[in-house]
Structures are given as structure tokens and as C-alpha cells.
Amino acid sequence: MTFTKYMTAAAALAVAVSAVPAATVATAAPAYRCSTSSRTIDDSGYDGPWPDNWDIKITTYAARSGGTVYAYATVQ
């Protein structure tokens, strides 16, 4: 084959490939499961005039999508 024939074949293949629509895959966002825990911690070493308690709230979020597990947490 000559160079022109190669170019013509490559152009025909490019047109054929671009004419095929790309398959759209609808990926849904994973559904997260949440768990919240809260605790009050007393700072017994503090004698000052201000309150010495710490109110802690931790929320964890986890989801699985196929073989992948997604997780994160918030701390307040």
C-alpha cells in the first residue's frame, strides 16, 4: 500500500469510530450511612472562671460503591 492508501484507510477508520456514540454510563452517587457520637469531657486541671467542659460531636459517613469504600468524618 502506498502512503495515500494508508491515509485514506486511517481517515475512514477515524470517521467510523467517531460515528459510534459513546456509551453513557449513569453512575449514581453512593448512599452514605451516618453514625453520630457525642461526649462531654471535663477538664479537671482547669480552675479558672470559665466553663471547663468540652462538648465533642463526631459524625462518621461511609458508603460502598462496587469494590470501593468511601468514608469521612466531621468533628465539632
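The structure this text deals with has already been given above.
Owing to the predicted nature of the structure, the values given are computational and were not obtained by experimental measurement.

## Some words on the overall build of the protein
Here comes step 1: Regarding its fold elements, the protein presents one helix and three strands.
Here comes step 2: Beginning at the N terminus, the succession of helices and strands in the protein can be written as α-β-β-β.
Here comes step 3: Counting every position in the protein, which comprises 76 residues, the buried fraction comes to 4%.
Here comes step 4: Here the analysis covers contacts within the protein between residues at least 6 apart in sequence; of these, 29% occur between residues at least 24 apart.
Here comes step 5: Of the roughly 6,900 Å² of accessible surface on the protein, 61% is carried by carbon and sulfur atoms.

## Focus on the pairing of strand S2 (residues 53-65)
Here comes step 1: As paired elements, strand S1 (residues 33-42) and S2 share ten bridges and run antiparallel to each other. The residue of S2 that forms the bridge with Asp42 is Asn53.
Here comes step 2: In textbook terms, the turn of a hairpin is the stretch between consecutive antiparallel strands, and for S2 and strand S3 (residues 68-75) this stretch comprises two residues, one of which, Gly66, has a positive phi near 65 degrees.

Scoring rules and cut-offs
Residues numbered from 1 in each chain as written. Predicted model: local features only at pLDDT ≥ 70, side-chain atom pairs only at ≥ 80, totals over all residues. Heavy atoms only, no water. Helix = DSSP H or I, 4+ residues; strand = E, 2+ residues; numbered from the N terminus. Buried < 20%, exposed > 50% of the residue type's maximum accessible area, 1.4 Å probe, protein only. Contact = heavy atoms within 4.5 Å. Areas by Shrake-Rupley, 256 points an atom, 1.4 Å probe, with all protein chains shown as cover. Pairing = 2+ DSSP bridges.

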